[in-house]
Amino acid sequence: MSEPEVVIKASSISFPRDRKISFTNGELISYDPATLQENGRVKVSSEEDVQVAVAHAHQAFPLWSSIPLGERISNLKRLSNLIYDDVEEIAALVSRECGKPKIEALTSEILPVLNMISVYTSQAEKWLAAEKPPFFWLAWLLGKSAKITYKPFGVVGVITPWNYPFYYDFGPALMALLAGNTVILKPSEYTPLVGKKAQELFAKLNLPPGTFQVIHGAGDVGQALIRARVDKIAFTGSPKTARAVLATAAERLTPVVMELGGKDAAIVLEDAPLETTAAGVAWAGLTSAGQVCASVERVYVSEKIAKPFIDRLVNNVQGLRMGQGLDPEVDMGPLTNERQLEIVKGHLRQAVEHGAQVLTGGKTKDQGLFFEPAVLVGVDRSMSLMREETFGPALPVVAVKDEEEAVRLANDSSFGLTASVWSLNRERAEKVAQRLRAGAVTINDHAVSAGLPNMPWGGIGESGFGRIHGRQGMQEFVYPSVIVGERFPRWKRLWWYPYNQKSYQFFRSLLVFLTNKPLLDKIRAISHLWRNLDLRRLH
Ligand code: ADP
């Protein structure tokens, strides 16, 4: 193991990527965090632009929602070829705006989006089909037949983050559109060019005007979108911003689906394969420079294997090659923006001040927003590094006595997005998984269900509520609407006017069938029912 490095250099970078100064004459400037060179610009939407977009979306809704689902599916299916044709451009763009290696743009953004298109379009008919409710004898006796249909909300506002811009600019929008909603997307101000690319790709589908629109800007534009009359909001971002989103949504009682952050734990049991687990945990904590809502941000390893595991983890981390993501031989790029770099540095600095040891990494570079991936020990819950979302390349490791302690510490978090259990004993790992408070638990890998569009994705606590992906995700973009039919339309219903003693007695006798009273009582009630049945055929 190398000597502990506890030096965290103050950043000497003067970076123009600050919210306040990234707007020039109403333009949003996109920067490459590896080189600090400008990538391009987009026009910021004004409040009026937002209102006009929302009005267009409302106008488009009746037409788009009335197009048969099969046609909506074939329209949206065409996106996959369009994305495939531009794959190099998209991968490079994602890499240049986020800083991540191009291969991550491919594996964690483009591939999942193509997966989503394939799974959503093949499942939409099933997921959105009307359902028959379970049989209920009383409703049947009283002549009712019912079904549950699913109707689109109207206009859906989709507000997305910068860490997986392509993935999020497409995911919720695809579901919302398939379900028959019109969509307004507001991409992150840090990745506007990916948002613009999404706009271009959707434009090639020639959907009815106003069906899919993109507006650009920072939080104020997001707020303007929520204030305008949208019918549902799909938000992905930090818990802090989520509170601001909810506060504004509360004014109109606009429903929201929230996909927020995490403080994912990896539990490494004593029978975990050391080399594989160290390699897996390094990847799970550091992919996308740790800027993943489901990054491993806490590692709880059995004390029986803590030393060799930490040695291997440090080896893995030290072997990572940092550089510009466009270079295929690079494992890790810079952080995406200076704000994030400051948060990561702050967490590490505070942890070190409270006694944590940095075994490797933890330094900035002189160029770009690079931060050497860090492994830390000697950490505890008094440190923000162990409680708050770091969203950066840091792996704090804690040795635990046993499984019990690992589960207790893993669950001791206000977040609950995902977790992982590393063990060769599948049965034992599943038992541990059952006890973890998280929206997904992966065994011997981490957070891979984000790439499985047939599975619900989301968390509990400060990780948000509602789900994206899967049937549950699709249901976020529709509301259940019940249709009840009548089998005896010409007969007066028993509960209509005029009320009288007979009808009172009829319902009085009926009640016993909804209790656990003895069978004899129920048999007696049948004759009362019959005597008091007041059937009248009207015209
Ligand atoms: P991140 O840390 O990923 O940037 P944020 O939660 O700050 O997360 O941002 C996620 C998205 O929310 C971005 O598109 C951002 O512009 C938008 N946003 C930021 N502040 C607000 C706000 N007050 N209201 C609505 N949207 C906002």
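1. Considerations on the sheet that holds strand β19 (residues 464–465)
Then, in step 1: Sheet architecture is open: six strands sit in the order β7-β6-β5-β8-β9-β19, paired in mixed fashion. Every interior strand has two partners, whereas the edge strands, β7 (212–214) and β19, have only one.
Then, in step 2: In this structure, strand β8 (residues 232–236) lies alongside strand β9 (residues 256–259), joined through four bridges in parallel fashion. Within β9, the residue paired with Ala 234 across the bridge is Val 257.
Then, in step 3: Here helix α1 (residues 47–66) sits on the sheet and contacts β5 (155–159), β6 (182–186) and β7; the angle it forms with β6, its principal contact strand, is near 150 degrees.
Then, in step 4: Across the face of the sheet, helix α7 (residues 165–178) comes into contact with β5, β6, β7, β8 and β9 while running at roughly 165 degrees to β6.

2. Digging into helix α10 (residues 239–252)
Then, in step 1: Over its 14 residues, α10 extends 20 Å from the first C-alpha to the last, a length consistent with the 20 Å expected when each residue adds 1.5 Å.
Then, in step 2: Looking only at α10, the buried set comprises Pro 239, Ala 242, Val 245, Thr 248 and Ala 249.
Then, in step 3: Check the buried side of α10 and you find it contacts α9 (219–227), β8, β9 and β15 (415–416).
Then, in step 4: Leu 253 sits one or two residues past α10 and shows a positive phi near 55 degrees.

3. Side note on the site of the ligand
Then, in step 1: Residues in contact with the ligand amount to 21 residues; listed here are only the nearest, Thr 160, Trp 162, Glu 189, Gln 223 and Thr 241.
Then, in step 2: One of the side-chain nitrogen or oxygen atoms of Glu 189 is found 2.6 Å away from an oxygen atom of the ligand.
Then, in step 3: For the ligand, the accessible surface in isolation is 550 Å², of which the surrounding protein chains cover 91%.
Then, in step 4: The set of elements that each furnish at least two residues to the shell around the ligand consists of α9, β8 and α10.
Then, in step 5: Here the shell around the ligand is composed, by residue class, of eight nonpolar, nine polar and four charged.

4. Let's talk about helix α11 (residues 274–286)
Then, in step 1: Compared with an ideal rise of 1.5 Å per residue, which puts 13 residues at 18 Å, α11 spans 18 Å between its outermost C-alpha atoms and is within 8% of the ideal.
Then, in step 2: Within α11, the full set of buried residues consists of Thr 277, Ala 278, Gly 280, Val 281, Ala 282, Ala 284, Gly 285 and Leu 286.
Then, in step 3: At its buried positions, α11 is contacted by β10 (264–268), β11 (296–302), α12 (306–318), β14 (394–400) and β16 (418–422).
Then, in step 4: Positioned one or two residues after α11, Ser 288 has a phi angle of 55 degrees, which is positive.

5. Observations concerning the pairing of β16
Then, in step 1: The element β16 is largely enclosed, with a buried count of five among its five residues.
Then, in step 2: With burial as the criterion, each face of β16 is covered, one bearing Thr 418, Ser 420 and Trp 422 and the other bearing Ala 419 and Val 421.
Then, in step 3: The pairing of β10 with β16 spans four bridges and is parallel. Across the sheet, Ala 266 pairs through a bridge with Ser 420, a residue of β16.

6. Description of the packing of aromatic side chains
Then, in step 1: All told, the structure shown has 14 aromatic pairs when counted by the stated rule.
Then, in step 2: Ring centres of Phe 166 and Phe 170 lie 4.5 Å apart, and the angle between their planes is 45 degrees; this geometry places the pair in the tilted category. With Phe 166 and Phe 170 both in helix α7 and four residues apart, the pair spans about one turn of that helix.
Then, in step 3: One aromatic cluster is present, formed by Phe 166, Phe 170, Phe 202 and Phe 212 through successive ring pairs.

7. Focus: the nonpolar core
In a soluble, globular protein the nonpolar side chains are often hidden away together inside.
Then, in step 1: Grouped together as the largest cluster of nonpolar side chains are 88 residues, with contacts concentrated most on Phe 166 and Phe 170.
Then, in step 2: There are two domains that each give this core at least three residues, and those are domain 1 (46–260 + 472–479) and domain 2 (264–452).
Then, in step 3: Not counting chain neighbours up to four residues away, the residues in contact with Phe 170 comprise Leu 79, Ile 83, Val 113, Ala 198, Leu 201 and Phe 202.
Then, in step 4: Judged by nonpolar contacts, the second largest core, of 57 residues, contains Ile 267, Val 281, Ala 374 and Leu 409.

8. With respect to the environment of Ala 447
Then, in step 1: Residue placement: Ala 447 occurs in the loop between β17 (440–443) and β18 (460–461).
Then, in step 2: In this structure Ala 447 comes out as buried when scored by relative accessible area, which is 14%.
Then, in step 3: Residues Ala 447 and Ala 284 lie 163 residues apart in sequence; the distance between their C-alpha atoms is 7.9 Å.
Then, in step 4: If sequence neighbours within four positions are ignored, Ala 447 has contacts with Ala 294, Thr 418, Thr 442 and Trp 457.

9. Overview of the sheet that holds strand β13 (residues 374–377)
Then, in step 1: Sheet architecture is open: seven strands sit in the order β12-β13-β14-β11-β10-β16-β17, paired in mixed fashion. Looking at strand neighbours, the two that pair on one side only are β12 (357–360) and β17, the edges of this open sheet. For this sheet the average axis-to-axis angle between neighbouring strands, irrespective of direction, equals 25 degrees.
Then, in step 2: Packing against the sheet, helix α15 (residues 403–411) makes contact with β10, β11 and β14, and its axis sits at approximately 165 degrees to β11.
Then, in step 3: Taken strand by strand, helix α16 (residues 426–434) contacts β10, β16 and β17, and its axis lies near 160 degrees from that of β17.

10. Quick look at the domain arrangement of the protein
Then, in step 1: In terms of domain boundaries, the protein breaks down into domain 1 (46–260 + 472–479), domain 2 (264–452) and domain 3 (492–538).
Then, in step 2: Just the C-alpha atoms count here: the centres of domain 1 and domain 3 sit 50 Å apart.
Then, in step 3: Listed per partner, the contact involves four residues of domain 1 and six residues of domain 3.
Then, in step 4: Taken together, the links from domain 1 to domain 3 amount to zero salt bridges.
Then, in step 5: Summed over the shared surface of domain 1 and domain 3, the number is zero residue pairs in polar contact (both at pLDDT 80 or more).
Then, in step 6: Taken together, the residues that form the side of domain 1 that touches domain 3 break down as three nonpolar, no polar and one charged.

11. Focus on a nonpolar patch on the surface
Then, in step 1: A cluster of nonpolar residues, Phe 135, Phe 136, Trp 137, Trp 140, Leu 141 and Leu 514, forms a patch on the protein surface that exposes about 680 Å² of accessible area.
Then, in step 2: Take Leu 141: it is sitting in helix α6 (residues 137–141).

Cut-offs applied
Residues numbered from 1 in each chain as written. Predicted model: local features only at pLDDT ≥ 70, side-chain atom pairs only at ≥ 80, totals over all residues. Heavy atoms only, no water. Pairing = 2+ DSSP bridges. Helix = DSSP H or I, 4+ residues; strand = E, 2+ residues; numbered from the N terminus. Contact = heavy atoms within 4.5 Å. Axes fitted to C-alpha atoms, helices over the stretch in contact; angles between N-to-C directions. Expected span 1.5 Å × (residues − 1). Buried < 20%, exposed > 50% of the residue type's maximum accessible area, 1.4 Å probe, protein only. Near = heavy atom within 4 Å. Polar contact = N/O pair within 3.5 Å; in protein donor to acceptor, adjacent residues only side chain to side chain. Areas by Shrake-Rupley, 256 points an atom, 1.4 Å probe, with all protein chains shown as cover. Nonpolar A, V, L, I, M, F, W, Y, C, P; charged D, E, K, R; others polar. Phe/Tyr/Trp six-rings, centres within 6.5 Å; stacked < 30°, edge-to-face > 60°. Core = buried A, V, L, I, M, F, W, Y, C linked by side-chain atoms within 4.5 Å. Domains from an automatic or database assignment. Salt bridge = Lys/Arg side-chain N within 4 Å of Asp/Glu carboxyl O. Patch = residues over 30% accessible without salt bridge, like charges linked within 9 Å, V, L, I, M, F, W, Y side chains within 5 Å.

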